[in-house]
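# Secondary and tertiary structure notes
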There are 4 protein chains.
Amino acid sequence: MKPSVIALLHGPDQPGIVAKVATWIHQRGGNVLHADQHLDRQENVFFQRVEWEPDADRNLQEESDEFISFVERELTMQVRIALSEDRPKVAIMVSKADHCFHDLVLRVRAGEWNAEFVGVLSNHQELQSVSESYGLPFVHIPVNQQNKVEVEQRQISWLREQGVELVILARYMQILSSEFLQQVSCPVINIHHSFLPSFAGAKPYHQAYQRGVKLIGATAHYVTEDLDEGPIIEQDVARVSHRHGPRELIEKGRDLEKLVLATAVRRHLQNRVLDYQNKTVVFD
Amino acid sequence: MKPSVIALLHGPDQPGIVAKVATWIHQRGGNVLHADQHLDRQENVFFQRVEWEPDADRNLQEESDEFISFVERELTMQVRIALSEDRPKVAIMVSKADHCFHDLVLRVRAGEWNAEFVGVLSNHQELQSVSESYGLPFVHIPVNQQNKVEVEQRQISWLREQGVELVILARYMQILSSEFLQQVSCPVINIHHSFLPSFAGAKPYHQAYQRGVKLIGATAHYVTEDLDEGPIIEQDVARVSHRHGPRELIEKGRDLEKLVLATAVRRHLQNRVLDYQNKTVVFD
Amino acid sequence: MKPSVIALLHGPDQPGIVAKVATWIHQRGGNVLHADQHLDRQENVFFQRVEWEPDADRNLQEESDEFISFVERELTMQVRIALSEDRPKVAIMVSKADHCFHDLVLRVRAGEWNAEFVGVLSNHQELQSVSESYGLPFVHIPVNQQNKVEVEQRQISWLREQGVELVILARYMQILSSEFLQQVSCPVINIHHSFLPSFAGAKPYHQAYQRGVKLIGATAHYVTEDLDEGPIIEQDVARVSHRHGPRELIEKGRDLEKLVLATAVRRHLQNRVLDYQNKTVVFD
Amino acid sequence: MKPSVIALLHGPDQPGIVAKVATWIHQRGGNVLHADQHLDRQENVFFQRVEWEPDADRNLQEESDEFISFVERELTMQVRIALSEDRPKVAIMVSKADHCFHDLVLRVRAGEWNAEFVGVLSNHQELQSVSESYGLPFVHIPVNQQNKVEVEQRQISWLREQGVELVILARYMQILSSEFLQQVSCPVINIHHSFLPSFAGAKPYHQAYQRGVKLIGATAHYVTEDLDEGPIIEQDVARVSHRHGPRELIEKGRDLEKLVLATAVRRHLQNRVLDYQNKTVVFD
């Protein structure tokens, strides 16, 4: 396949956006592969994802830069650009649970996603040897009540050195401070083991058991300062019954967590997600 | 099919319950059709649903009465008995929305359930003519801030006169007082238009839209004094996206509400539900 | 809401289609509400659904006619146009089963769909009184081995007199001849009570029981000359177990059939479906 | 937890089976943990799964042997016994695809199942190093048109030497002969990448794409002499659209295959599956 450019635009609605974008691409010899759009009528905000193959003679970087200028100046909208050949650098943060970790790494190794996993950060040592068997650097920084600020600084330094463009919390059982989130300067995706907003906080499967729900859920979301309150990218549920105690819910939930996190990460890596006012627009 | 007896038992676990129950039935010439059980190991409570065809010579009422005595005296457990040929009397309470109403009535008319719908109670007049076209008495009692106590008394009187054994709130938009619930002396099933415990209270679809969830839900539960907190009988969800505004969620939710309420009512009418410590055991 | 125009285009892919369509609309003062597209890379066929509000000064019919000319002449693609305010005339064909029939009629009465149900054709009399209670003309034409050709002629005559634009087979248990399909000159949607291509033909629930499948399905499709082989619009499944005999499968299947048929009809009425080479492109 | 005994019984229905089984266990001081049953009314065959903790003084093997004698002699039914502490020996057969392979091995390593994976048989070398990194012996026997009989003999020899009690075909792309199936003398579970009986045989995702189905599926079944015709243990589906070409169906199908195969294997290992007349009774 020829390389393509993917643009995610959003801004106040105005007449002719679709025509102007499509004409801009067409006039430069580009061929639109996919285009999807959404108009939030309550907020009057227009969103678009457009993917095109530029003319063979065009330099991809030039095409991207000029498109950004065009959108910002002539449409006064915000835009984010990615190239189909990009392989963003991704770091995984884990504690002890390994099911999401294996699932993510095996997907990258199977070639499902265009991404480069650069390493694993953990507050525990349990996943060190398995990370290394996958050829992934493992950075172990224990956390306690006293050293949290310092630990986060070391994590930030490492993530920056690696040039990380996405952080995945694959059942990382620590809360990240707002300072961390401001400094990391790339998106952070978390998997919460409940159908948010139900059962936010600790031990969601125990809460679910206590309430006697008939479905358990998992939620993948961008991390914001408000714990378990960030924009939701994906959710799914599985049927349970009175026969499932907390232990069975935890086991059953593992498959759910793997699938929901993988779906969210796939969408993010394919540049299908725009977040806006604590919600997401997912073009799929 | 020959008539059968269905018993729902529960109480502290003890050795030999299954053997004693099965032997009691076998010795009187009965033939067990279904038997299902559950042991809550945390609470050490044993639950059983057993359905059997008594010997052809036995009187069904006698068999039932003697079984109750046996369970209460020899097993010191609680038991509820139903006969397969029972057609419990059911009342529906509605406001203006009619989707669950039609769905329930058409299922009874199609012979899906063994039940007799005896009439419709409403605080509005919208569903009067359609109720009557189905041959169902329609009792219209308007509610306002002042007359709530009196209205509930009239409702209770009517329900008792009819000998109602189950009340279904098919999108009845009023809160029932704890006095009502004590006096009605039969189960009340409600459909809440969210995946509880998320979005309890008013306007759940608007809350769901605001939060940006990727699935909407519906929950059928027994009504208790605590609003939207009763034992859950059934839940289900449907996938939504950023394209769905509150109006689309409401429309999409209608199908969900119909199915979830119908499933809960079916299970109740088939004597498959035991509620215990604000949860349900559903034998299906 | 202001009235809008919906166009469904398809034809050989070529550079600039999206730009040309969007520019055509924009230059005439139109505002694109939704646009979705698909490129079948194997066949090199481009599909688009675009919905727009024309300028307030433009006559809707004029806008539509000129757009059709534009697409056919300048893009040499095929196009179908609908107006958001259209209320297409729909006829339902039934035999004895009434679950899909009630479901469809109640949705139209609830205002879910923009359509006018003009009457019911049946080879049996069972649904006559209920059709009439809904205010729907009921045309009863019994079918037997000998009179099939003549019956279809009478059906065709009636459908034409009414100006029917969509025929729904809501569990109509007769096979329509290829002559009927040619002469009816409007789409015909059928609900088949299995997950096609499994269990085509008669008694699919019995076939499913015999094979021991763990999910049963339903399939809504456009009717073509090849029985159960037409383009699939929608499918869904429900979980079953060894406990479900043929009778339980039939009962459980009813809910599935209602939902799958309703979803297919909704998509068709919203002009979201293009059929092509015995498959459908569904823009939703 | 104390060790328990699990029995799977089936045979012609007769009065008092439940009572006799429960009484036998109770009289020897056993405590029934779970009991589930099914009566196939068409065939008049009774099925039961019962799990109990024997009295602490009883030898498990003795309890099992005596129970088998009791069932065979006094109930003249067939019975299969397992102990909760059993760790059956399992072999995996693979070709090149590794997604189901990783999924199965990681579940065993995570302690989800009580089983011992003894090795991997393959007609290709692709999964050799990864098998060995998991500490699993890898037996590579290339297959061609000429050597099929001989290869199967070598496979059978190896499986017997290892004492294998379950063979899992984790996307093994060779057909096993009826001689192999007779000689292997243990159950063989296969994952077929379609919703059987649709798309049996080769390249099911291409067949599904060609037919334009709206859901793809996967089916786990016991292998019999008739290809893709064995008793189904588990099936599931995933939604697809016109946007999914064969390549996307294959990728999307991988998650489905992993989950369906894992569910089937879990049920088998937990002794929940009885196969009978080419169907399964699954007690879950």
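Every chain is numbered independently, its residues counted from 1 as its sequence is written. Here chains are named by letter from A upward and ligands by number from 1 upward, in the order in which they appear as written. Totals for whole chains, interfaces and linings use every residue, but because this is a predicted model, local features are given only for residues with pLDDT of at least 70 and side-chain atom pairs only at 80 or more, for both listing and counting. Note: side-chain values were computed over all heavy atoms of the structure, leaving out hydrogens and water.

### Re the overall build of chain A
Helix and strand definitions follow DSSP, with helices as H or I runs of at least four residues and strands as E runs of at least two, each counted in order from the N terminus. Along its length, chain A carries eight helices and 13 strands. Whether two residues are in contact is decided by their heavy atoms: any pair within 4.5 Å suffices. Here the contacts in chain A between residues at least 6 apart in sequence split such that 66% fall between residues at least 24 apart. Summing over all exposed atoms, chain A offers an accessible surface of approximately 11800 Å²; the carbon and sulfur share of this is 45%. A residue counts as positive if it is Lys or Arg and as negative if it is Asp or Glu; His and the chain ends are not included. By convention, the charge on Lys lies at NZ, on Arg at CZ, on Asp at CG and on Glu at CD. One way to put it: in chain A the 30 positive side-chain charges average out to a point 8 Å from where the 39 negative ones average out. The protein chains shown are the only cover counted for residues, whose accessible areas, like all others here, come from Shrake-Rupley with a 1.4 Å probe.

### Here we look at the packing of aromatic side chains
Residues and elements named next belong to chain B. Centres within 6.5 Å are what make two rings of Phe, Tyr or Trp a pair, Trp counting through its six-membered ring; a difference in plane orientation under 30 degrees is then read as stacked, over 60 as edge-to-face, and the rest as tilted. On inspection of all chains with the given rule, the structure shows 26 aromatic pairs over all chains. Summarising the aromatic geometry, the rings of Trp24 and Phe67 are spaced 5.1 Å apart at their centres and angled 75° between planes, so their arrangement reads as edge-to-face. Residue Trp24 is found in helix α1 (residues 17-27), and its partner Phe67 is found in helix α2 (residues 60-74); the two are separated by 43 residues along the sequence. Ring geometry for Phe67 and Phe70: centres 5.8 Å apart, planes at 55°, overall tilted. Taken together, the residues Phe67 and Phe70, both in helix α2 and three residues apart, mark about one turn of the helix.

### Brief notes about the layout of surface pockets
Rolled over the atoms, a probe as big as a water molecule pinpoints where empty space is left. All names here are of chain B. Roughly 840 Å³ of volume is contained in the second largest pocket. We place a 1 Å grid over just the protein atoms. Points where a 1.4 Å probe fits but has no way out form a cavity, open points with protein on both sides within 12 Å along at least 5 of 7 lines form a pocket, and any residue with an atom within 4 Å of a point lines it. Together, 33 residues line the second largest pocket, and Arg171, Tyr172, Met173, His193 and Pro204 are the ones closest to its centre. Each residue gets one label: Ala, Val, Leu, Ile, Met, Phe, Trp, Tyr, Cys and Pro are nonpolar, Asp, Glu, Lys and Arg are charged, and the others, such as Gly, are polar. Tallied by class, residues from the lining of the second largest pocket come to 14 nonpolar, 10 polar and nine charged. Grid points are joined across faces, edges and corners, and a volume is the space filled by probe spheres set on the points.

### Structural notes on the state of the cysteines
All names here are of chain B. Criterion for a disulfide: a pair of cysteine sulfur atoms at a distance within 2.5 Å. Evaluation of the coordinates by the stated rule reveals zero disulfides over all chains. Cys100 takes part in no disulfide bond, and the closest cysteine sulfur to it belongs to Cys186, at a distance of 18 Å. We call a residue buried when its accessible area falls under 20% of the maximum for its residue type, exposed when it is over 50%, and partly exposed in between, using a 1.4 Å probe and counting protein chains only. Classification of Cys100 by relative accessible area gives buried; the value is 3%.

### Topic: the interface of chain B and chain D
Facing 19 residues of chain B, the contacting portion of chain D comprises 19 residues. The term buried area denotes the loss of accessible surface (1.4 Å probe radius) that occurs when two parts are joined, taken as the sum for both partners. Buried area between chain B and chain D, summed over both chains or domains, comes out near 1500 Å², and the portion from carbon and sulfur atoms is 53%. Sorting the residues of chain B by area buried against chain D places His26(B), Gln37(B) and Arg41(B) first, and these three jointly supply 29% of that buried surface. One side-chain nitrogen of Lys or Arg within 4 Å of one carboxyl oxygen of Asp or Glu is enough to make a salt bridge. Applying the counting criterion to the chain B and chain D interface returns two salt bridges.

### A look at the domain arrangement of chain A
Residues and elements named next belong to chain A. Note that the domain bounds were set by an automatic or database domain assignment. When cut into domains, chain A gives domain 1 (5-83) and domain 2 (89-282). Computed from C-alpha coordinates alone, the two centres of domain 1 and domain 2 are separated by 31 Å. Listed by partner, the interface residues are 12 residues for domain 1 and eight residues for domain 2. Across the domain 1/domain 2 interface, buried area totals approximately 970 Å², and carbon plus sulfur atoms make up 58% of it.

### A few points about the packing of helix α1 (residues 17-27) of chain C against helix α2 (residues 60-75) of chain C
All names here are of chain C. Angular values range over 0 to 180 degrees, each being the angle between N-to-C directions of two axes fitted as lines to C-alpha atoms, with helices fitted over their stretch in contact. With their axes 11 Å apart at the nearest point, α1 and α2 run at an angle of 155° to one another. Our classification of the angle between α1 and α2 gives roughly antiparallel. Of the two possible hands of crossing, α1 and α2 adopt the one that is right-handed. Between α1, through Ile17, Lys20, Val21, Trp24 and Ile25, and α2, the contact on the second element is made entirely by Glu63, Glu66, Phe67, Phe70 and Leu75. A per-class count over the contact of α1 with α2 returns seven nonpolar, no polar and three charged. An angle counts as roughly parallel when it lies under 35 degrees, as roughly antiparallel when it exceeds 145, as roughly perpendicular when it falls between 65 and 115, and as oblique in every other case. For any pair of crossing helices, the crossing counts as left-handed if the nearer helix is rotated counterclockwise from the farther one by less than a right angle, and right-handed if it is rotated clockwise.

### Let's talk about unusual backbone geometry
The peptide bond linking Leu196(A) to Pro197(A) adopts the cis configuration, its omega dihedral lying at 5°. On the secondary structure map, Pro197(A) appears in the loop between β9 (188-192) and α7 (204-211). With a phi angle near 55°, Asn271(C) is a residue other than glycine that sits in the positive phi range. For Asn271(C), the position within the fold is in the loop between α8 (246-269) and β12 (273-276). Of note in this structure, Asp228(D) is not a glycine but carries a positive phi near 60°. Tracing the chain through its elements places Asp228(D) in the loop between β10 (215-222) and β11 (232-239).

### What to know about the relation of the copies chain B and chain A
After a rotation of 180° and a shift along the axis of 0.0 Å, chain B superposes on chain A with an RMSD of 0.0 Å. Taken together, the rotation and translation relating the two chain copies correspond to the operation of a two-fold axis. Taking C-alpha positions as the reference, the residue of chain B nearest the rotation axis is Ser198(B), at 2.5 Å. To superpose the copies, least squares is applied to the C-alpha atoms of every residue with a pLDDT of at least 70 in both.

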